[in-house]
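Reading the structure
Each chain is listed here by its residues.
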There are 2 protein chains.
Amino acid sequence: MNDIEISQNAEMLPIQEIAQQAGFNEKTVEPYGRYKAKIDIFAEDEEAAQLGKLVLVTSINPTPAGEGKSTVTVGLGDALNEMTGSAMVALREPSQGPVMGMKGGATGGGYSQVVPMDEINLHFTGDMHALTAANNTLAALIDNHIQQGNQLNIDPRTIVWRRCLDINDRALRNIVIGMGGRFSGVPREDHFDITVASELMAILCLAESLTDLKKRINRILIAKNYAGEPIFVRDLKVGGAITALLKDALKPNLVQTLGHTPALIHGGPFANIAHGCNSVLATKTALKHADYTITEAGFGADLGAEKFLDIKTPVLGKEPDAIVIVATVRALKYNGGAKLADLQNEDLVALEKGFVNLQRHIKNMQRYQVPVVISINHFTSDTDQEIAELKQLVEQTGVQAVVTDAWAKGGAGCKELAQAVITATDTNSDVTMQPLYDVAAPIQDKVKAIVQKMYGGAEVQYSATALKKIKECEQNGWDKLPICMAKTQYSFTDDPKQLGAPTGFTMHVNDINIRLGAGFLVVLTGKVLTMPGLPKQPAALNIDVNDKGEITGLF
Amino acid sequence: MNDIEISQNAEMLPIQEIAQQAGFNEKTVEPYGRYKAKIDIFAEDEEAAQLGKLVLVTSINPTPAGEGKSTVTVGLGDALNEMTGSAMVALREPSQGPVMGMKGGATGGGYSQVVPMDEINLHFTGDMHALTAANNTLAALIDNHIQQGNQLNIDPRTIVWRRCLDINDRALRNIVIGMGGRFSGVPREDHFDITVASELMAILCLAESLTDLKKRINRILIAKNYAGEPIFVRDLKVGGAITALLKDALKPNLVQTLGHTPALIHGGPFANIAHGCNSVLATKTALKHADYTITEAGFGADLGAEKFLDIKTPVLGKEPDAIVIVATVRALKYNGGAKLADLQNEDLVALEKGFVNLQRHIKNMQRYQVPVVISINHFTSDTDQEIAELKQLVEQTGVQAVVTDAWAKGGAGCKELAQAVITATDTNSDVTMQPLYDVAAPIQDKVKAIVQKMYGGAEVQYSATALKKIKECEQNGWDKLPICMAKTQYSFTDDPKQLGAPTGFTMHVNDINIRLGAGFLVVLTGKVLTMPGLPKQPAALNIDVNDKGEITGLF
């Protein structure tokens, strides 16, 4: 069976039962259909609940070989839930845009999935649509302000607030709007991003309450006036309306895994131009209700985990008690120079050579003083010798390596990992996490810290544009913010072809995006596409639905 | 109290209780929060249920004075439900776009509202968002097809499929897309409409099943190739994917009135470039479960009721058993030449003069051989003499007139109307409705029938473009479709300033939109704006939300 068949054949429990098992007060559970719910955390009685243990799942640099990070996250959740009776997973919600383009969802795979996967991938509880609506309402209000007399004196050439759609639509990347005469707006250049790239998504995922959400929305930088002064959402006086459009989207979504473990799936910002983690509110809600919360970060540990630890953790106010790094024999062989077509053949040389990638991620994560466990996620082509070799290589670094088989066996394939995680979290009670940099340091010092300590690079070169933006940040007092690196996920460097663990390289910073609502500075290295395109044979060609509403061909 | 305060202070029953009262099988009820549900009609056991009585509520031509058609529909529903124990209202769902622009919702008013009104007006169960996503996914697939080699040889200058957003955004009316070089699409002119103007909305409201929905989507005309031949959605092979995105949107939404009457709120196409009625599936679902279904049509009877009777009724397969025409003293005085500022003053002369508008609507509706009842909807400034005069004027035409007070008294203010409706529907068992025109007749004959019999006009003049389109329809066999007139709602003519009941005028047809998916031809008279703009002081400025998620300033 493929993923959607496994998902559609699953016996799901009513979401009220899952909610009860998770300890949610019945009055806070707002069902969306039979197997999805929103948790109305704003209706929850404020009690200083003790927080459970937090487990962060991350991985080596992603490769076309596949690592299975989400699959391990879900499988580990099922294993921990079965062993302790109190575990919850907290994941990102998938973007609908890519579903019509490339095969492959974001809900795990095989017997480690969150369900109902078709509904989670299509519309879900409407969060993405609410973000699209809020984002574009703000855009319409900006253009309407200019059309109606432009009291704020906004310079249309400086507007940085873009429109968005949750669709892969390259034709909307660069557009001209406001054509057709004086009744149809002021002509200007504009751009559509995919919704998950909107600053509103990052804001939703970092907001601590509706009040905080509104505060963050009000401080979004949208443009400059003709005098060069910044214009914020609060100047338009529409922060309340935009927040109102997001009042339900801010509530975490509850679903279940195939093993009936409660899963909070909420928020899914890009992991390059944003921080790539699920929402602070969902993670905190899980921590309040479960002894073990298992969450994941986007891309590899150099991007995803770094941002989880340096951007999300300070807002969450709770550091991970253990970090799991997912690696596969196949991906490490690929890092070691093996060709994609040869990965099913045993190749101990390539494995050992590629191990340097995992090794650096281990070192990087250990720098934070959080216990690390390695998940060697099993693929059918792996040989016993390869697995044994990799296990040995890891254990030479003093870290425990556990073989997992999340795809084929679900929670049962992650029991040993769960045991290792329990042990690791028990040993962590006394140590405090060490952040990578001091957030109050100058921008260039913070970037240097990430490049040198996390990436293994030597130097950072800035474009003239980037240097100008840094100056602007310093002059406006926007420099005391964490750094959100936008870098290729495939390499420690800014060149996606440099695999393994390169050293001594130079990072090139092209530009800096100022995201005052999210509360970070996006440091752009290389080109980042914020509106994907569809492939020549889009997945949409295979998708169908019958008269009962059953979808086929989704994955 | 204003509308939102009345709504927020209402004691709502859990939606499961409403569903049970309405006789829905529990397994078909998919809750969306506590007070909204979708009815999974595809899971319902097929039984040849007997259909209840259908009551269509329409009105005179709308004026700035306000008529209260939705308010009477809801109040009548409450009255019939209280008196018979088995009534349901079936309404259109509101567009979110205007909510941020002008004050005023589409959920009734005062004590005749459907609730929760804030949620119905914002996001609701996501139908509009699903339509937006489906519409724009299709647009992206068209542009992607051209970008990826254009196998179908689509001429980009002929694409009639537009993008859409459920937002008032005039700057997107006329745009240029695909700029920025060869990796970002093929440049062409494009346009965004508001979502309710999308052909998909009309299709959703006329589809009889998921299979029918897919069939209709597949036959949508999207463009021509360079040889001038039509290109349909089926040529792109994405009808299944677009239908899949709408599988939940096709399920009717259940909410309740303030009087706890079940209300199916589903679909809301424009009443000018589309047919302006709620969905066939919702109306049929109500008819299967209630003795009395009360529904309404958009704008005045010349547009809304005509389209209900000549476009929707044949698909529904059930004609109305009674038609209620809503009129007010104020609106008729306005039609009789009184100024808006003077409407609170008694003016029997203007009332008598303006009565011709109602008189023609009565005659028009009687032509269909369906019993007609007039609702004189009471406003506080109406004098007793005005009411008596209007009642007498109506009754001279042989039709019953009943005073209603839906806004201030809810169902209690509509009891007499309910009794009149019950009587009227009981007398209707033997007569068969007479359609206005034969759908198989030539296009120009059908248009002439509407203009002469319904509007009181003399002649129809066609532009060269319109004549060319008629020829194209005839050559392709697309001429045997019903006509959907796009005309100003304020007048029987194509000039919004010609109030009352003009005769002898000429209608000017500028163009014809071919809507093969919806299955009608849109005959355009005058300019129709399919993407509204925001006003100088948008309603968004007043909207806010507190930390509990309670919205203020919505209406």
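Residues numbered from 1 in each chain as written. Chains lettered and ligands numbered in written order. Predicted model: local features only at pLDDT ≥ 70, side-chain atom pairs only at ≥ 80, totals over all residues. Heavy atoms only, no water.

In the nomenclature of an unreviewed UniProt entry, chain A corresponds to Formate--tetrahydrofolate ligase from the organism Pediococcus acidilactici DSM 20284. Heading Pathway (unreviewed entry) of the UniProt record for chain A holds this comment: "One-carbon metabolism; tetrahydrofolate interconversion." In its Catalytic activity (unreviewed entry) section, the UniProt entry covering chain A states "(6S)-5,6,7,8-tetrahydrofolate + formate + ATP = (6R)-10-formyltetrahydrofolate + ADP + phosphate". (UniProt positions renumbered as here; feature names shortened; annotations may be inferred.)

**Considering the sheet that holds strand β22 (residues 511-515) of chain A**
All names here are of chain A. One open sheet accounts for three strands, arranged β20-β23-β22; its pairing is mixed. Looking at the sheet topology across the chains shown, the edges are occupied by β20 (483-486) and β22. Mean inter-strand twist for the sheet, computed between neighbouring axes without regard to direction, equals 25°. In this structure, β22 lies alongside strand β23 (residues 520-524), joined through five bridges in antiparallel fashion. In the strand pairing of β23, D511 is matched with L524. The sheet strands contacting helix α11 (residues 301-316) are β20 and β23, and the helix crosses β20 at an angle near 170°. Its contacts with the sheet place helix α18 (residues 464-476) against β22 and β23, and it is angled at close to 30° to β22. (Pairing = 2+ DSSP bridges. Helix = DSSP H or I, 4+ residues; strand = E, 2+ residues; numbered from the N terminus. Axes fitted to C-alpha atoms, helices over the stretch in contact; angles between N-to-C directions. Contact = heavy atoms within 4.5 Å.)

**Comments concerning the relation of the copies chain A and chain B**
When chain A is fitted to chain B, the residual RMSD is 0.0 Å, and the transformation amounts to a turn of 180° plus an axial shift of 0.0 Å. Taken together, the rotation angle and the small translation identify this as a two-fold axis. Among all residues of chain A, the minimum C-alpha distance to the rotation axis is found for Y32 of chain A, at 2.1 Å. Most of the interface of chain A is mirrored in chain B, where 100% of its interface residues are also at the interface. (Least-squares fit on C-alpha atoms with pLDDT ≥ 70 in both.)

**Some words on the packing of helix α10 (residues 280-289) of chain A against α11 of chain A**
All names here are of chain A. Axis separation between α10 and α11 bottoms out at 10 Å; the angle between their running directions is 55°. Relative to α11, the element α10 lies oblique. The hand of the α10/α11 crossing is right-handed. For the pair formed by α10 and α11, the contact residues are V280, T283, K284 and L287 on the first element and K312, V315 and L316 on the second. (Parallel < 35°, antiparallel > 145°, perpendicular 65-115°, else oblique. Left-handed = near helix turned anticlockwise from the far one by under 90°.)

**Re the interface of chain A and chain B**
Each partner contributes to the interface: chain A provides 73 residues, whereas chain B provides 73 residues. A buried area of about 6,100 Å², summed over both sides, lies between chain A and chain B, and 59% of it is on carbon and sulfur atoms. Counting across the interface, chain A meets chain B through four salt bridges. Its salt-bridge partner being D169 of chain B, residue R163 of chain A comes within 3.0 Å of it at the nearest N-O pair. For the interface between chain A and chain B, the tally reads 39 residue pairs in polar contact (both at pLDDT 80 or more). Contributions of two or more residues to the side of chain A that touches chain B are made by β1 (29-31), α5 (127-147), β7 (163-165), β8 (175-177), α7 (210-218), α9 (239-245) and β24 (544-545) of chain A. Ranked by residue count, the leading element in the side of chain A that touches chain B is α5 of chain A, at 10 residues. Across the side of chain A that touches chain B, the residue classes break down as 34 nonpolar, 22 polar and 17 charged. (Buried area = accessible area lost by both parts, 1.4 Å probe. Salt bridge = Lys/Arg side-chain N within 4 Å of Asp/Glu carboxyl O. Polar contact = N/O pair within 3.5 Å; in protein donor to acceptor, adjacent residues only side chain to side chain. Nonpolar A, V, L, I, M, F, W, Y, C, P; charged D, E, K, R; others polar.)

**Observations concerning the domain arrangement of chain A**
All names here are of chain A. Here the domain parsing of chain A yields domain 1 (1-124 + 248-424), domain 2 (126-234) and domain 3 (441-522). Computed from C-alpha coordinates alone, the two centres of domain 1 and domain 2 are separated by 33 Å. Opposite the 30 residues of domain 1 that make contact, domain 2 presents 22 residues. Buried surface at the junction of domain 1 and domain 2, summed over both partners, amounts to about 2,000 Å²; 65% is from carbon and sulfur atoms. Of all residues in domain 1, A249, L250 and V315 bury the most surface against domain 2, accounting for 23% of the area lost on that side. Applying the counting rule to domain 1 against domain 2 returns one salt bridge. (Domains from an automatic or database assignment.)

**Re the sheet that holds strand β23 (residues 520-524) of chain B**
Residues and elements named next belong to chain B. The sheet built from three strands is open, its strands ordered β20-β23-β22 with mixed pairing. Here the strands that pair on one side only, and so sit at the sheet edges, are β20 (483-486) and β22 (511-515). The sheet shows a mean angle of 25° between the axes of neighbouring strands, direction not considered. Sheet strands touched by helix α11 (residues 301-316): β20 and β23. Its angle to β20, the strand with the most contacts, is close to 170°. Running over the sheet, helix α18 (residues 464-476) touches β22 and β23 and is turned about 30° from β22.

**Some words on the pattern of salt bridges**
The tally for this structure, following the rule as stated, stands at 48 salt bridges over all chains. Notably, a salt bridge pairs K415 of chain A with E82 of chain A, separated by 3.3 Å at the nearest N-O pair. You can see K415 of chain A sitting in helix α16 (residues 415-426) and its partner E82 of chain A sitting in helix α3 (residues 69-84), a full 333 residues away along the chain. For the salt bridge of K480 of chain B with D479 of chain B, the shortest nitrogen-to-oxygen distance reads 3.0 Å. Using a relative accessible area of 9% as the deciding quantity, one classes D479 of chain B as buried. One continuous salt-bridge network, built from bridges that share partners, spans D143, R163, R188 and D190 of chain A together with D169 of chain B. (Buried < 20%, exposed > 50% of the residue type's maximum accessible area, 1.4 Å probe, protein only.)

**Section: the UniProt feature "binding site: ATP" (unreviewed entry) in chain A**
Residue and element names in this part refer to chain A. Per the UniProt entry, the sites bearing "binding site: ATP" (unreviewed entry) are T63, P64, A65, G66, E67, G68, K69 and S70 in this numbering. With respect to the secondary-structure elements, T63 resides in the loop between β3 (53-59) and α3. The exposure class assigned to T63 is buried, which follows from its relative accessible area of 9%. In contact with T63, not counting residues within four places along its chain, are A331, Y334 and N335. Of the polar contacts made by the side chain of T63, one reaches the side chain of E67; its length is 2.8 Å. Not counting chain neighbours up to four residues away, the residues in contact with P64 comprise Y334 and L340.

**A word on unusual backbone geometry**
The step from V115 of chain A to P116 of chain A runs through a cis peptide bond, and the omega angle for that step is 0°. Mapping P116 of chain A onto the fold places it in the loop between β6 (112-115) and α4 (117-121). Although it is not a glycine, Q369 of chain A adopts a positive phi angle of roughly 70°. The topology assignment puts Q369 of chain A in the loop between α13 (348-366) and β17 (372-377). At H260 of chain B, a residue that is not glycine, the phi angle is positive and equals roughly 65°. For H260 of chain B, the location among the structural elements is in the loop between β13 (253-257) and β14 (262-265).

**Brief notes about the pairing of strand β21 (residues 506-509) of chain B**
Residue and element names in this part refer to chain B. Only one face of β21 is buried, namely the one carrying M507 and V509, since none of T506 and H508 on the opposite face is buried. Bridge count for strand β19 (residues 459-462) against β21 is four bridges, and the pairing is parallel. Residue pairing for β21: Q461 is matched across the bridge by H508.

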